[in-house]
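Structure at a glance
Chain residues, written in single-letter form:
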Amino acid sequence: MARNLSFSVPGQDFQIQRGDRLSSGSSDYMVLDFLGEGSFGKVTRCVELDTYKMVAIKIMKKRQQAMRDAQLEVRKQIRVLKGKKCYG
Ligand SMILES: Nc1ncnc2c1ncn2[C@@H]1O[C@H](COP(=O)(O)OP(=O)(O)OP(=O)(O)O)[C@@H](O)[C@H]1O
């Protein structure tokens, strides 16, 4: 992947589909595929329409949803750590 850009699409939280077009203002992209998902967004594989370069673009979740998911992830990690023995 050449670049990793972030996009926040107001009102379209995770409604992105293959074939959708995204615009950063200076470049336009088409969504080809989904590469993965983290706490703060979904990562898509896109093609830059001017250059045909492949890029990874992260579609950011809405802030509130991202905060909720991040809190859940932290709680999950704490539970995992509490279950582990400490050698040191
Ligand atoms: N440039 C990239 N090329 C290919 N796959 C990618 C790329 N960036 C992210 N991914 C995929 O998308 C997933 C989510 O990435 P993201 O950066 O959103 O979260 P993370 O860092 O894995 O997790 P978190 O944000 O929850 O700590 C990754 O685990 C990976 O599988």
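Under an unreviewed UniProt entry, the name given to the protein is Protein kinase domain-containing protein, and the source organism is Myripristis murdjan.

Describing the side chain of Thr44
Within the secondary structure, Thr44 is located in strand E4 (residues 41-48). Taking the relative accessible area as the measure of exposure, Thr44 reaches 0% and is therefore buried. Apart from residues no more than four positions distant in its own chain, Thr44 is found in contact with Val31, Asp33, Phe34, Leu35, Val55, Ala56, Ile57 and Ile59.

Brief notes about the environment of Ile57
Looking at where Ile57 falls in the secondary structure, it is placed in strand E5 (residues 54-60). Ile57 sits in the buried class, given a relative accessible area of 0%. Expressed as a C-alpha distance, the spacing of Ile57 and Arg45, which sit twelve residues apart in the sequence, is 6.4 Å. The residues contacting Ile57, other than those within four sequence positions of it, are Leu5, Phe7, Leu22, Tyr29, Lys42, Val43, Thr44 and Cys46.

Overview of the pattern of salt bridges
Inspection of every chain in the model, using the stated rule, returns three salt bridges. Note that Lys76 is salt-bridged to Glu73, the shortest N-O span being 3.5 Å. With a gap of three residues between them, Lys76 and Glu73 both fall in helix H1 (residues 63-82), about one helical turn apart. When its relative accessible area of 42% is taken as the criterion, Lys76 is described as partly exposed. The structure contains a network of salt bridges with shared partners spanning Arg18, Asp33 and Arg45.

A short note on the pairing of E4
One face of the sheet, then the other: side chains in a regular strand alternate in exactly this way. A large share of E4 lies buried, amounting to six of its eight residues. When strand E3 (residues 28-37) meets E4, the two strands line up antiparallel, connected through seven bridges. Each residue of the ladder has a partner; that of Met30, found in E4, is Val47. Linking E3 to E4, which pair antiparallel, is a turn of three residues. With seven bridges joining them, E4 and E5 adopt antiparallel strand pairing. If you follow Lys42 over to E5, its bridge partner there is Ile59. Count of turn residues in the E4/E5 antiparallel hairpin: five residues, of which Tyr52 carries a positive phi of about 65°.

Reading guide: rules and limits
Each chain carries its own residue numbering, running from 1 in the written order of its sequence. The predicted origin of the model limits local features to residues at a pLDDT of at least 70 and limits the giving and counting of side-chain atom pairs to 80 or more, whereas totals for whole chains, interfaces and linings rest on all residues. With hydrogens and water stripped out, all remaining heavy atoms of the structure feed into the side-chain values. Going along the chain from the N terminus, every DSSP run of H or I of four or more residues is numbered as a helix, and every run of E of two or more is numbered as a strand. Only protein chains enter the area calculation, which uses a 1.4 Å probe; residues under 20% of their type maximum are buried, those over 50% are exposed, and those in between are partly exposed. Two residues form a contact once any of their heavy atoms are found within 4.5 Å. One speaks of a salt bridge when a side-chain nitrogen belonging to Lys or Arg is within 4 Å of a carboxyl oxygen belonging to Asp or Glu. By definition, two strands form a pair when at least two bridges between them are found by DSSP.

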